[in-house]
Amino acid sequence: LTETPEDADALRLLGEAIWDQARDGPSDQLALGREARGHLAKAYALNPDDYRTLFLLAETRQVSQDFPSDNDVETLLAALDLAPQVPTLRIFTAQTRARRQEYAQAIDLLQPLASSPHPSGATVLARTLIDRYQTASEEAEADQENVAAP
């Protein structure tokens, strides 16, 4: 980076390495996450069409108390627009929507994976998550009906 400070790939890789370090040891995750996001934000400014940078930007936010914010969801959806075929991105985005109790949107994100004719670990996980989110959605609706009932 000292020779080519405008190298988006190098900035992304540096941010990713710092984020990997944060995941390995939870002692200073917030500070390392912020440091990683600084490099990732620069990488995004240089190359806004790299889904990996957007994915990492959102992923580093998961240690923040206000995760997932509206901006986190928008960041993930932008990454998904760039790379709809990436199973880990699709699953993480669905899980993020479910954390916000947006179960229908999470299920919609998982349907392409769950209906894949080529079974994989991602397919199995997507089907499992869909079942879990359908149950959670039904429970949330029942809870709302109980609160609304006199």
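Above this note sits the structure.
This report concerns the structure included in the present document.

So, how was this worked out
Residues numbered from 1 in each chain as written. Predicted model: local features only at pLDDT ≥ 70, side-chain atom pairs only at ≥ 80, totals over all residues. Heavy atoms only, no water. Helix = DSSP H or I, 4+ residues; strand = E, 2+ residues; numbered from the N terminus. Expected span 1.5 Å × (residues − 1). Buried < 20%, exposed > 50% of the residue type's maximum accessible area, 1.4 Å probe, protein only. Contact = heavy atoms within 4.5 Å. Phe/Tyr/Trp six-rings, centres within 6.5 Å; stacked < 30°, edge-to-face > 60°. Core = buried A, V, L, I, M, F, W, Y, C linked by side-chain atoms within 4.5 Å.

## Considering helix H2 (residues 29-46)
Structural remark: α-helix, 3.6 residues per turn; residues separated by three or four positions point the same way. Compared with an ideal rise of 1.5 Å per residue, which puts 18 residues at 26 Å, H2 spans 25 Å between its outermost C-alpha atoms and is within 8% of the ideal. Listed as buried for H2 are Leu32, Gly33, Ala36, Arg37, His39, Leu40 and Ala43. The elements touched by buried residues of H2 are helix H1 (8-24) and helix H3 (51-60).

## Thoughts on the side chain of His39
Within the secondary structure, His39 is located in helix H2. Note on His39: relative accessible area 18%, which makes it buried. In contact with His39, not counting residues within four places along its chain, are Leu11, Leu14, Gly15 and Ile18.

## Digging into the packing of aromatic side chains
All chains considered together, the criterion is met by three aromatic pairs. Between the aromatic rings of Tyr103 and Tyr133, the centroid separation amounts to 6.2 Å while the plane-to-plane angle is 35°, which identifies the pairing as tilted. Placement of Tyr103 in helix H6 (residues 103-114) and of Tyr133 in helix H7 (residues 121-148) is noted, with a sequence separation of 30 residues between them. With respect to class, Tyr103 is no different from Tyr133; both count as buried.

## Examining the nonpolar core
Leu76, Leu89, Ile91, Leu110 and Tyr133 are the most contacted members of the largest nonpolar core, which totals 27 residues. Only H3, helix H4 (70-82), helix H5 (87-99), H6 and H7 provide two or more residues apiece to this core. Here this core gets seven residues from one element, more than from any other, and that element is H6. Apart from the residues within four sequence positions on either side, Ile91 is in contact with Leu110, Leu113, Ala122, Leu125 and Leu129. If you look at the next biggest cluster of nonpolar residues, it comprises eight residues, including Trp19, Ala22, Leu32 and Leu57.

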